[in-house]
Amino acid sequence: MKNEKATFSQVMFSIVLFNFGSSVVIGITGGVEQDGWFTILLASLLVIPLFLVYGRIIRLFPQKDLFQVLELIFGKIAGKVLTVLYIWYAVYLSALVLRNFSEFIQVSTMPETPQLPILILMVLTTVYLVRSSMSSIGKWSLVMSAFVLAIVALTFVASIPDIRLENFMPVLNHTPAKIARSTFEVFSFPYTETVIFLGLAGSFQKKANPYKMFLYSLIITTVTFLLVFIRNLSLLGATIMSLNYFPSFSAARIIQVGDFLARIESSISTNFQFAGIVKTACCLLAASKGMASLFDLDHCRPIVLPMGMLALALGAIAYKNTMDMIAFLAYYPYYAFPFQVAIPLAVWVGGEIYAKKHKHRELST
Amino acid sequence: MLTAIVLLLFVPATLMEWLTVLKHSEKKVKVIHIAIMLISFVLLILYSLSVTVPSPSEGITQVIEAIFHLED
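Note that the structure is a prediction, hence the values are computed from the model and not measured. (Residues numbered from 1 in each chain as written. Chains lettered and ligands numbered in written order. Predicted model: local features only at pLDDT ≥ 70, side-chain atom pairs only at ≥ 80, totals over all residues. Heavy atoms only, no water.)

*Asks:* Honestly, the overall build of chain A in this entry has me stumped. Any pointers?
*Replies:* The number of helices and strands found in chain A is 14 helices and two strands. Taken over C-alpha atoms, the radius of gyration comes to 20 Å for chain A, in line with the 21 Å a tight globule of 365 residues would show. Dimensions along the principal axes, computed over C-alpha positions, put chain A at roughly 75 × 45 × 35 Å. Looking at chain A alone, contacts between residues at least 24 apart form 85% of all its contacts between residues at least 6 apart. Taking the average location of the 27 positive side-chain charges in chain A and that of its 18 negative ones, the two points are 11 Å from each other. (Helix = DSSP H or I, 4+ residues; strand = E, 2+ residues; numbered from the N terminus. Rg over C-alpha atoms; globule rule 2.2 N^0.38 Å. Contact = heavy atoms within 4.5 Å. Lys, Arg positive; Asp, Glu negative; His and termini not counted. Charge placed at Lys NZ, Arg CZ, Asp CG, Glu CD.)

Rendered as structure tokens:
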């Protein structure tokens, strides 16, 4: 594995594709239909303080990833325990993403193909990408982001003639409790899954500004989500959009440009795959780095394939069917909250205390 | 058929790893590698033989339901 550090734009677009990943496949907003635009905006505002916390953690401990920071702040034993938790979070997240994509491929295009071969192909590709280093993931993300975002923009423009504004009505007719719950879901999936990048921070260039990385990627991601949501809602309508397991794919089937361009859902499929590979790779790399830190290994490269196989196995057994996969989304924010919010906040507070202590020590010596 | 796919995946992958990445690795790395590969292999073989393996998602769902009563 080469030791190249990822640049600012490589990391930023990795975060964009990471967030775009599985959330656009299975729909961003659940349960609030035509009010989804409001929950996306609200979630993106609520996540800003947390992204500033993530950025501060990276600033306090430059060139160190989360697993090294956990041991520095909480001591060897507590640090290792928290490292195990984060390894679990990262590897299971990569398993869930893999399963999202294999379900999508099976349901949309290959209903008679078993999911295992699809999972295997994705895992092997991801393992190859992870072994090539964070910089390679970043370069892939840079190139693919342009393609992915261009497809989103083109499908949005192509859908304009079919937009029906009545699909956006009535505005904000859901209860505050329902909107709050949906906002919490969007906040957790996908925005605060970005916590994974704390585990990769050791691979970022020192001069890369972490605040700008997170905030700029948040802006790009939010705009992309809004375009996707508006496209899906205007083409499908609120009821069909909420009933559909893969609304973006279904919406793309309706789009027709003149008499010469139709059935462009394959471009949406391709988009999903490119973004999904980045999301799986980032999770897998974080899990491998965690394992290397846990066992004090010099490199994580020998661990990447086994972690990939573990993600594959967990992905295969994660759900019984597509309905279970969609139903889990309601529980995921509660499960992920400690990893995404509680522990990072504790790390930030501990980090500030640690940094102050060391500053005093340096000044006194 | 699925079992054959799992074996086709693991046997060459393990062989290639041993001949390349693990050849000059420490004993600790080899032990960790084997342990994780073994767990994954067992899970996938059970899955391919249609043996019901408890899903972590079900466990997570049950714990969260017990604490937060989301279905009420």
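*Asks:* Is there a simple way to think about empty space enclosed by the protein in this case?
*Replies:* Gaps between atoms show up when a probe of the same size as a water molecule is rolled over them. All names here are of chain A. Taken as a whole, this structure holds three cavities of 30 Å³ or more when the rule is applied. A volume near 100 Å³ is recorded for the largest cavity. Lining the largest cavity are 13 residues, and of these L96, N100, F189, Y319 and L329 sit closest to its centre. Broken down by secondary-structure element, the contributors of at least two residues to the lining of the largest cavity are α4 (76–108) and α13 (322–328). For the lining of the largest cavity, the leading source of residues is α4, giving four residues. Within this model, the second largest cavity holds a volume of roughly 40 Å³. Forming the walls of the second largest cavity are L66, F67, Y86, A90, V195, I196, G199 and A286. (1 Å grid on protein atoms, 1.4 Å probe; cavity = no way out; pocket = protein on both sides within 12 Å on 5 of 7 lines; lining within 4 Å. Points joined across faces, edges and corners; volume = space filled by probe spheres on them.)

*Asks:* So what exactly am I meant to see when it comes to the side chain of S217(A) here?
*Replies:* Assignment of secondary structure puts S217(A) in helix α8 (residues 210–236). Contacts of S217(A), omitting those with residues within four sequence positions, involve M12(A), I15(A), V16(A) and K212(A).

*Asks:* Whenever I open this one, the pattern of salt bridges confuses me. Can you help?
*Replies:* Two side chains bearing opposite charge may form a pair once their charged atoms approach each other closely. All told, the structure shown has seven salt bridges over all chains when counted by the stated rule. For E17(B), the salt bridge identified is with R131(A), shortest N-O distance 2.4 Å. Of this pair, E17(B) sits in helix α1 (residues 2–19) while R131(A) sits in helix α5 (residues 115–131), on two different chains. Taken as a pair, E17(B) and R131(A) share a single burial class, namely buried. Connected through shared salt-bridge partners, E71(A), K80(A) and D296(A) make up one network. (Salt bridge = Lys/Arg side-chain N within 4 Å of Asp/Glu carboxyl O. Buried < 20%, exposed > 50% of the residue type's maximum accessible area, 1.4 Å probe, protein only.)

*Asks:* I'm lost on the interface of chain A and chain B in this one. Help?
*Replies:* Accessible area lost upon the coming together of the parts serves often as the stated size of an interface. Each partner contributes residues to the interface: chain A has 36 residues there, and chain B has 34 residues. Summing both partners gives a buried area of about 3000 Å² for chain A against chain B, and 78% of it is carried by carbon and sulfur. It is L116(A), I317(A) and Y331(A) in chain A that bury the most area against chain B; as a group they hold 22% of the surface buried on that side. Put simply, chain A and chain B have two salt bridges between them. Summed over the shared surface of chain A and chain B, the number is nine residue pairs in polar contact (both at pLDDT 80 or more). Counting residues per element, the ones that place at least two in the side of chain A that touches chain B are α4, α5, α12 (301–317) and α14 (332–364) of chain A. With 13 residues, the single largest contributor to the side of chain A that touches chain B is α12(A). For the side of chain A that touches chain B, a count of residues per class yields 30 nonpolar, no polar and six charged. (Buried area = accessible area lost by both parts, 1.4 Å probe. Polar contact = N/O pair within 3.5 Å; in protein donor to acceptor, adjacent residues only side chain to side chain. Nonpolar A, V, L, I, M, F, W, Y, C, P; charged D, E, K, R; others polar.)

*Asks:* Just checking my understanding: could you explain the environment of V24(A) for this structure?
*Replies:* Residues and elements named next belong to chain A. On the secondary structure map, V24 appears in helix α1 (residues 8–25). Assessed through its relative accessible area of 3%, V24 is described here as buried. Along the sequence, V24 and N271 sit 247 residues apart, while their C-alpha atoms lie 9.7 Å from each other. Residues within four places of V24 in sequence aside, it is in contact with F225, V228, S248 and F272.

*Asks:* What is the right way to look at the packing of aromatic side chains in this model?
*Replies:* The description of two aromatic rings rests on the distance between their centres and on the angle between their planes. Residues and elements named next belong to chain A. What the rule picks out here adds up to 26 aromatic pairs over all chains. With 5.8 Å between their ring centres and 80° between their planes, W37 and F38 make a pair best called edge-to-face. According to the relative accessible area criterion, W37 is partly exposed, its value standing at 27%. What makes F38 partly exposed here is its relative accessible area of 27%. Look at F104 and F249: their rings are 5.3 Å apart centre to centre, the planes differ by 85°, and that puts the pair in the edge-to-face class. In this pair, F104 is assigned in helix α4 and F249 in helix α10 (residues 247–254), connecting sequence segments 145 residues apart. A residue is classified by how much of its surface remains accessible, and F104, at 0% relative accessible area, is buried. (Phe/Tyr/Trp six-rings, centres within 6.5 Å; stacked < 30°, edge-to-face > 60°.)

*Asks:* In this structure, what is going on with the side chain of S145(A)? I would like to understand it.
*Replies:* Within the secondary structure layout, S145(A) lies in helix α6 (residues 134–159). Of note is the side chain of S145(A), whose polar atom sits 2.6 Å from the backbone oxygen of S141(A).

*Asks:* What exactly am I supposed to notice about a nonpolar patch on the surface here?
*Replies:* Together, L38(B), V42(B), L46(B), L49(B) and V51(B) make up a nonpolar patch on the protein surface, roughly 410 Å² of accessible area in all. You can see L38(B) is positioned in helix α2 (residues 27–48). (Patch = residues over 30% accessible without salt bridge, like charges linked within 9 Å, V, L, I, M, F, W, Y side chains within 5 Å. Areas by Shrake-Rupley, 256 points an atom, 1.4 Å probe, with all protein chains shown as cover.)

*Asks:* Teacher, can you tell me more about the confidence of the model for chain B here?
*Replies:* Close reading of the predicted structure is inappropriate where its pLDDT is low. Within chain B, residue pLDDT values average 88, and 97% of them lie at 70 or more. Our summary of model confidence lists the complex with pTM equal to 0.92 and ipTM equal to 0.93. (pLDDT = per-residue confidence, 0-100.)

*Asks:* Teacher, can you tell me more about the environment of I87(A) here?
*Replies:* Residue and element names in this part refer to chain A. Tracing the backbone through its elements, the reader meets I87 in helix α4. In this structure the C-alpha to C-alpha distance between I87 and G199, which are 112 residues apart in sequence, comes to 9.4 Å. Leaving out residues up to four positions away in the same chain, I87 has contacts with A287, G290, M291, L294 and M307.

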